[in-house]
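Each chain, letter by letter, is given below.
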Amino acid sequence: MPDYPAATQRSRVRVPLRFNDGYSVDAELVTFHGLTDGQEHVAMILGNLPTTPSTTPSVTPSATPLVRLHSECLTGDVFGSSRCDCGPQLREAVEQIATRGGVLLYLRQEGRGIGLYNKLDAYALQDEGLDTYAANTALGLPEDARDYTAAAQMLRALGITELDLLSNNPDKADQLRDLGITVGHRVPTGVFTTAHNVRYLRAKVLQTQHTLPLAKLTAG
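Criteria and cut-off values
Every chain begins its residue count from 1, and numbering advances along the sequence as written. Side-chain atom pairs in this predicted model are given and counted only at pLDDT of 80 or more, local residue features only at pLDDT of at least 70, and totals for whole chains, interfaces and linings cover all residues. Only heavy atoms go into the side-chain values, all of them from the structure, while hydrogens and water stay out. Numbering of helices and strands starts at the N terminus; helices are DSSP runs of H or I of at least 4 residues and strands are runs of E of at least 2. Summary of the burial criterion: residues with accessible area below 20% of their type's maximum are buried, those above 50% are exposed, and those between are partly exposed, where the area comes from a 1.4 Å probe applied to protein chains only. Contacts are assigned to residue pairs that have any heavy atoms within 4.5 Å of one another. Residue exposure ignores everything except the shown protein chains as possible cover, and the areas themselves are Shrake-Rupley values with a 1.4 Å probe. Expected span, for any helix, means 1.5 Å times one less than how many residues it has. By definition, the arc is the one covered by directions from the helix axis to the C-beta atoms. Strand pairing requires that DSSP identify at least two bridges connecting the strands. Any carboxyl oxygen of Asp or Glu that lies within 4 Å of a side-chain nitrogen of Lys or Arg is treated as forming a salt bridge with it. To get an axis, fit a line to the C-alpha atoms, keeping to the stretch in contact for a helix; angles then go from 0 to 180 degrees between the N-to-C directions. Under this definition, polar contacts are N or O atom pairs within 3.5 Å; protein pairs additionally need one hydrogen-donor-capable and one acceptor-capable atom, and for neighbouring residues in sequence, both atoms have to be side-chain atoms.

Chemist: For this particular structure, what's the right way to read the overall build of the protein?
Modeler: The helix and strand tally for the protein stands at eight helices and seven strands. Burial analysis of the protein (220 residues in total) assigns 46% to the buried set. Sequence-distant contacts in the protein: of pairs separated by 6 or more residues, those separated by 24 or more amount to 61%. When the accessible surface of the protein is summed, it comes to about 11,100 Å², and 52% of that surface belongs to carbon and sulfur atoms.

Chemist: Can you help me understand the side chain of Q89 in this one?
Modeler: Here Q89 shows up in helix α2 (residues 86–100). Q89 sits in the buried class, given a relative accessible area of 7%. Those residues within four positions of Q89 in sequence are excluded, and the remaining contacts are R68, H70, N168, T189 and F192.

Chemist: Before we go on, may I ask you to explain helix α4 (residues 116–127) in this structure?
Modeler: Each full turn of the α-helix corresponds to 3.6 residues, which orients residues three or four apart in the same direction. Between its first and last C-alpha atoms α4 spans 17 Å; for twelve residues at 1.5 Å apiece the expected length is 16 Å, and the two agree. Burial in α4 covers these residues: K119, A122, Y123, L125 and Q126. Buried residues in α4, looked at end-on, bunch into an arc of 160°, giving them a common side. Summarising the geometry of α4, the exposed residues directed more than 90 degrees from the buried face are Y117 and D127. Looking one or two residues beyond α4, the residue adopting positive phi is G129, at roughly 120°.

Chemist: Looking at this model, I keep getting lost on the pairing of strand β1 (residues 8–18). Mind explaining?
Modeler: Residues in a regular strand project their side chains so that they alternate between the two faces of the sheet. Here β1 runs beside strand β2 (residues 24–33); their pairing, made up of ten bridges, is antiparallel. Bridging across to β2, R12 finds its partner in V30.

Chemist: Please explain the pattern of salt bridges as it appears in this structure.
Modeler: Oppositely charged side chains can form a pair if their charged atoms are brought close together. By the definition in use, this model includes nine salt bridges. Of the charged contacts, one joins E95 and R91 as a salt bridge, the two residues approaching to 2.9 Å between their closest N and O atoms. Residue E95 and its partner R91 are located together in helix α2, separated by four residues, close to a single helical turn. Here E95 falls in the partly exposed class, since its relative accessible area comes to 32%. In this structure, D144 and R146 form a salt bridge, with 2.8 Å as the shortest nitrogen-oxygen distance. Under the relative-accessibility criterion, R146 is labelled buried at 13%.

Chemist: Sorry, what's going on with the sheet that holds strand β3 (residues 42–46) here?
Modeler: Whether parallel or antiparallel, the strands of a sheet pair through hydrogen bonds between backbone atoms. Pairing within the open sheet is mixed, and its seven strands lie in the order β1-β2-β3-β5-β4-β6-β7. Every other strand in the sheet has two partners, leaving β1 and β7 (182–187) as the edge strands with one partner each. Averaged over all pairs of adjacent strands, the angle between strand axes in this sheet comes to 30°, irrespective of strand direction. When β3 meets strand β5 (residues 102–107), the two strands line up antiparallel, connected through five bridges. In the strand pairing of β5, A43 is matched with L105. The strands that α2 touches are β1, β2, β3, β4 (66–71), β5, β6 (162–166) and β7; relative to β4, the one it contacts most, it runs at about 160°.

Chemist: Got a minute to help me understand the environment of S71 in this structure?
Modeler: Position of S71 among the secondary structure elements: in strand β4. For S71, a relative accessible area of 11% gives the class buried. Setting aside chain neighbours within four positions, we find S71 in contact with D77, L107, Q109 and R146. Within the local environment of S71, its side chain forms a polar contact with the side chain of R146, the two groups lying 3.0 Å apart.

Chemist: How should α2 be read in this particular structure?
Modeler: Over its 15 residues, α2 runs 21 Å from end to end, which matches the ideal 21 Å to within 8%, given 1.5 Å per residue. Trailing α2 by a residue or two, G101 shows a phi angle of about 100°, which is positive.

Any functional reading would require information that these geometric values do not contain.
In structure tokens:
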């Protein structure tokens, strides 16, 4: 058994989603009681969520659900900032998960867990030449402050203990495994480069081993 408390489902509601490019899909949003960090994280169920394999011989076990842990990014997700790749990753993830069936966990972890104001302070330091991780450190903050215990609680509350993870970040898979969640495969996201985020993406590869094609991340 995990050494963290169980969370429970609080409410479920259907919400139709529509993106700027015209893509639309219905999602079921789930909220929770008892999350360890006290944040209002939301699970977004998309497509036909695979269930635990049946013990009935005549029933074919369902496929493993596809899951993304998406950290909130107000500037990228809402305002369309091209300083990061968060908005395009969110859009891509919703469609991929809806097609296969699974869950997107929308986690309130702005700026890799340092918060919106600190993230904008870090942006100012990046404008002076620091990379995204060095900027956090210069502010006296962790390079990445995210903890995924609440994500594991949410998954267990949804009955998910085995999944394929849609992510370029090996730390997400490592933390989930340490929290008792079986990660079968790590499915990479697309590469969404702009003239403003190439240094940011290169830093993620060089500093935290994100699985992005470094040779393609040039500022040309």
